[in-house]
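# Observations on the model geometry
Each chain is listed here by its residues.
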Amino acid sequence: MKSDANPMQSAHEAPRCAAKSKRTGLPCKNPAVGGWRVCRMHGAGGGHRAGKANPAYQHGMRTREWSDLRRALAALASEGSN
């Protein structure tokens, strides 16, 4: 690294957040989180995990797997009645 090089240059050249303000329509000027198109304030890496790791998980009867199973059973039942 050159002695006259600015150590903050890589931070200034980082990709910017793709989110836009609803009020002004201007893009967010924060750097995007690595591997994401948005900054930390606009949802990069946010949210809870799915399944039992989610704090709101109670019994699992409304999980995606159970919903798919119920849908498949309902399709079989309607197919058998025709």
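Residues numbered from 1 in each chain as written. Predicted model: local features only at pLDDT ≥ 70, side-chain atom pairs only at ≥ 80, totals over all residues. Heavy atoms only, no water.

A separate point is the nonpolar core. When a protein is soluble and globular, its nonpolar side chains tend to lie buried together. Judged by nonpolar contacts, Cys17, Ala19, Cys28, Val38, Cys39 and Ala44 together constitute the single largest core of six residues. If sequence neighbours within four positions are ignored, Ala44 has contacts with Val33, Trp36, Val38 and Cys39. (Core = buried A, V, L, I, M, F, W, Y, C linked by side-chain atoms within 4.5 Å. Buried < 20%, exposed > 50% of the residue type's maximum accessible area, 1.4 Å probe, protein only. Contact = heavy atoms within 4.5 Å.)

Moving on, we come to the pattern of salt bridges. Tallying each qualifying case throughout the model produces one salt bridge. For Arg71, the salt bridge is made with Asp68, and the minimal N-O distance between the two is 3.0 Å. Here Arg71 and its partner Asp68 are both found in helix α2 (residues 64–81), three residues apart, which amounts to about one turn of the helix. Since its relative accessible area comes to 41%, Asp68 is described here as partly exposed. (Salt bridge = Lys/Arg side-chain N within 4 Å of Asp/Glu carboxyl O. Helix = DSSP H or I, 4+ residues; strand = E, 2+ residues; numbered from the N terminus.)

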